[in-house]
Amino acid sequence: MYLLSKELEVFCNLAIARMGRGQGCNLLLEGPPGGGKTAFSRMLSKRLGSPLFYYSGTPDKERDLLYEIDVQGVLKRENAFVPGPAWQAFSRTASGPAVLLIDEVDKTSQGFDAFLLRLLEEGAFRAPSGETVTATLKNLAVVLTSNGRRKLRPEVLRRCQRINVPLPEGERLFKIINQIAGVNLPRGLVDLLVRLGRGVQVEDKEQAPAPKELALLACDLLELSQTQ
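This write-up is about the structure you can find in this document. Not measured: the values here are computed from a predicted model.

### Overview of the packing of helix α1 (residues 6-20) against helix α2 (residues 37-48)
Packed helices, taken two at a time, are described by the angle between their axes plus the distance between the axes.
Part 1 of the reasoning: Remark: α1 packs on α2, axes separated minimally by 11 Å, with the N-to-C direction vectors making an angle of 40 degrees. Classified by the interaxial angle, the pair formed by α1 and α2 is oblique. As for the relative orientation of α1 and α2, their crossing is right-handed in sense. On α2, the residues touching Leu8, Glu9, Phe11, Cys12, Asn13, Ala15, Ile16 and Met19 of α1 are Phe40, Leu44, Arg47 and Leu48.
Part 2 of the reasoning: Class assignment of the residues belonging to the contact of α1 with α2 gives a composition of nine nonpolar, one polar and two charged.

### What to know about a nonpolar patch on the surface
Part 1 of the reasoning: On the surface, Leu217, Leu221 and Leu224 cluster together into a nonpolar patch covering about 240 Å² of accessible area.
Part 2 of the reasoning: By the secondary structure assignment, Leu217 is in helix α9 (residues 211-227).
Part 3 of the reasoning: A residue is classified by how much of its surface remains accessible, and Leu217, at 38% relative accessible area, is partly exposed.

### A look at the pattern of salt bridges
Part 1 of the reasoning: With the rule as written, the count across this model stands at nine salt bridges.
Part 2 of the reasoning: Linking Arg153 and Glu155 is a salt bridge whose minimum nitrogen-to-oxygen distance equals 3.1 Å.
Part 3 of the reasoning: Taking relative accessible area as the criterion, Arg153 reaches 30% and is therefore assigned partly exposed.
Part 4 of the reasoning: Residue classification places Glu155 among the partly exposed positions, given a relative accessible area of 25%.
Part 5 of the reasoning: Where salt bridges share partners, they join Glu171, Arg187 and Asp191 into one cluster.

Criteria and cut-off values
Residues numbered from 1 in each chain as written. Predicted model: local features only at pLDDT ≥ 70, side-chain atom pairs only at ≥ 80, totals over all residues. Heavy atoms only, no water. Axes fitted to C-alpha atoms, helices over the stretch in contact; angles between N-to-C directions. Helix = DSSP H or I, 4+ residues; strand = E, 2+ residues; numbered from the N terminus. Parallel < 35°, antiparallel > 145°, perpendicular 65-115°, else oblique. Left-handed = near helix turned anticlockwise from the far one by under 90°. Contact = heavy atoms within 4.5 Å. Nonpolar A, V, L, I, M, F, W, Y, C, P; charged D, E, K, R; others polar. Patch = residues over 30% accessible without salt bridge, like charges linked within 9 Å, V, L, I, M, F, W, Y side chains within 5 Å. Areas by Shrake-Rupley, 256 points an atom, 1.4 Å probe, with all protein chains shown as cover. Salt bridge = Lys/Arg side-chain N within 4 Å of Asp/Glu carboxyl O. Buried < 20%, exposed > 50% of the residue type's maximum accessible area, 1.4 Å probe, protein only.

As structure tokens, then:
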């Protein structure tokens, strides 16, 4: 179970309330890697009782969000395209809520913002076959995550509810690390690893260890101490 901060708990509840009112929602979670932005999306989909459709931001591959070429299908002349995450999420909204996660949107090219803006506003796109794939927007929750590698266009930002997600700290971080480890780790060991991780973060935010990395490292150190 993902341990939400108080701020994220409120943010999640407001998103669920929007969906309950039939308004849909576009969310943008910003912050360093390891803060739990992707895990938040899984939690939201679980609370909505909806599937999660995942897309990882990739430069100059906007089309993959909509559909992919089915090479084998082309060769067999049976099927040329496979629905991508957005296509699947849009189709799902006809019968219930769906969460579309566009992870690390800041890794995409600048042109992706205009592409994304049209997708969010129109809730529709033209498939290769010529048909129009349309979302029931009241049932669609779109979650964008960003590590801050580049700034998104203001037009995209204005259409999202935004929240900054820092790395977890204090007792919440200790609980998360223990939960990932699956055992009660010595507090002194966890505190030491957290301090080392913060030192790395000061030098390079991109290299700062996430809670999962700290948990696995703590388990490995305990294992080594028991085998020596």
